[in-house]
Amino acid sequence: MKKDILDRIIGIYYVILIIALCFMGGLSSYDVFYSDFISNTLIGFGIVALILYVIYRIRNNSTRYWDLIILIMSFLGYLSYYYAFDKKVALKGFLLGREGLLVIYTYYMTFLLSSVLKNTKMKNRILMTVTICGALQVIYGLLQVFRISNIFGLPIVGNWKYASGFVFNSNFFGSYMVLLNGLWMSRFFFDKEINYKNFLILFIFITGLLISGAMSAVVALLVMFCLVVFINVINKQNNIRLFLRKIGMYLVSILLIYSVIVLWTKSDLTKDIKELYTQSVSTVSGNVDESFGTGRIYIWKEALKYLPDYIYTGIGIDNFAYIGHRDGTYIYDSPKKDNIIYKAHNEYLQILVTEGIFMFVTYLIFLGSIFYTGVKNIKNEKNKNLIVCSLLLMFIGYSVQAFFNISMTLIAPIFFMISGMLVSCCEEKIVKEC
């Protein structure tokens, strides 16, 4: 099999994966598919990715850093499964999310396979597929927040003050929108002129992020915007007037979208943003309350209380719900106390508590290595490669919001895919703008 043919096959694989994730999410909203089906389908994709990667490794007989770190993470994940409180859950995942060991292995293979994708045109097609699927979800999300009951006879499910799209939850929808805002912010701001097509697409995904009402997404958006400004400030070759015009267009669009959402929907966006600001100020001042972050501080404190019992291998992959089993207590949703929490609402804390300190440190090294690779590439290249900038911004945005959110089978594969593509771009030292 020729190298370029294998590259095309890998590219087609990711296009199909993204469409499948969108399709499964949409049908799951109507109870056609359930979490078991999504999980098993992902595992099937993982097997295909493994086969394709083995073929690549046979043709390129050399060991990469990324192979080693994924191998270490896979072994540590197996140890967490082996010593898990509930091995069945650790293997297949907890009922509501089904993100067990086999699905996590799929994430790893998704990363490795995309890290060897060299075809730039295929990368752009993959990102365009993510964009189209995201735009469809924004349209559906708008129908949800405007409380449209049906369209052409099709009932609109999930009508609420915030949009959830095809991913069941407004926070998950926010995670997806963070990725797409990172992609199109980069393409709008780092272009050498004002591209109105890119601005229109960015406008769509700003809308999607704001109708999600996810404050984790708002924080990530702020961080990404600050990074864009920073990169442009240190890049002395940029046209300052042009950049200021773009900032003006961007801020006006946010204000416009925000005004429409607040005035024409029943969104609590203003209230939540004020609460975010107040809690941020209080946190910086050292006054932290358990209710902060819609109860996340309470969940984190409870999780850390039990951490010493599972410090080495964790309680088991996706076993967070059982963390208090030794004294007969569980972490309940605060303040209602009527729902057992099955995730830490912080991806990093989730890994620490369920998979142990060694996996936690290794995962941070993994993310840090990707970040360093991307930053080094941008720093060394005088002509910024738009696809590298886009992937790096997507990576950073998701990593920030993950501090306040949980991993989800319909979105996490996209994050691992773009992480691998970022590595691939930087290893190839692509300088041609896309």
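Residues numbered from 1 in each chain as written. Predicted model: local features only at pLDDT ≥ 70, side-chain atom pairs only at ≥ 80, totals over all residues. Heavy atoms only, no water.

Things to note about the environment of serine 253
- Residue placement: serine 253 occurs in helix α10 (residues 240-264).
- In contact with serine 253, other than residues within four places in its own chain, are Phe199, Phe203 and Ile206. (Helix = DSSP H or I, 4+ residues; strand = E, 2+ residues; numbered from the N terminus. Contact = heavy atoms within 4.5 Å.)

Quick notes on the packing of aromatic side chains
- Scanning the model with the defined rule gives 37 aromatic pairs in all.
- Between tyrosine 105 and tyrosine 108 the ring centres are 6.4 Å apart and the planes differ by 45 degrees, which places this aromatic pair in the tilted class. Of this pair, tyrosine 105 and tyrosine 108 both sit in helix α5 (residues 101-114), three residues apart, which is roughly one turn of the helix.
- The partly exposed category is assigned to tyrosine 105, whose relative accessible area is 25%. (Phe/Tyr/Trp six-rings, centres within 6.5 Å; stacked < 30°, edge-to-face > 60°. Buried < 20%, exposed > 50% of the residue type's maximum accessible area, 1.4 Å probe, protein only.)

Regarding helix α12 (residues 292-306)
- Look at α12: 20 Å from first C-alpha to last across 15 residues, which is about the 21 Å you get at 1.5 Å a residue.
- On its buried face, α12 is in contact with α7 (170-189), α11 (269-284) and α13 (347-355). (Expected span 1.5 Å × (residues − 1).)

A short note on the environment of isoleucine 341
- By the element assignment, isoleucine 341 lies in the loop between α12 and α13.
- Judged by relative accessible area, which is 7%, isoleucine 341 ranks as buried.
- The spacing of isoleucine 341 and valine 229 is 112 residues in sequence and 38 Å in space, taken between C-alpha atoms.
- Excluding anything up to four places from it in sequence, isoleucine 341 contacts Ile299, Phe320, Ala321, Ile331, Tyr332 and Asp333.

Quick look at the nonpolar core
- In this structure, Met185 and Phe366 are the most contacted members of the largest nonpolar core, which totals 150 residues.
- When residues in this core are grouped by element, the largest group, 12 residues, is from α7.
- Filtering out sequence-adjacent residues up to four positions away, phenylalanine 366 remains in contact with Trp66, Ile69, Ile70, Met73, Phe111 and Phe416. (Core = buried A, V, L, I, M, F, W, Y, C linked by side-chain atoms within 4.5 Å.)

Here we look at a nonpolar patch on the surface
- Taken together, the side chains of Met128, Ile132, Leu136 and Ile139 define a hydrophobic patch exposed on the protein surface, amounting to about 360 Å² of accessible area.
- For methionine 128, the location among the structural elements is in helix α6 (residues 120-145).
- Residue methionine 128 is classed as partly exposed on the basis of its relative accessible area of 34%. (Patch = residues over 30% accessible without salt bridge, like charges linked within 9 Å, V, L, I, M, F, W, Y side chains within 5 Å. Areas by Shrake-Rupley, 256 points an atom, 1.4 Å probe, with all protein chains shown as cover. Salt bridge = Lys/Arg side-chain N within 4 Å of Asp/Glu carboxyl O.)

Points about the pattern of salt bridges
- Counted under the stated rule, the structure contains seven salt bridges.
- For lysine 343, the salt bridge goes to glutamate 99, with nearest N and O atoms at 2.8 Å. With a gap of 244 residues between them, lysine 343 in the loop between α12 and α13 and glutamate 99 in the loop between α4 (87-92) and α5 connect regions that are remote in the sequence. Across this residue pair, the class does not change: lysine 343 and glutamate 99 are buried.
- As a salt-bridge pair, aspartate 318 and lysine 343 come within 2.9 Å of each other at their nearest N and O atoms.

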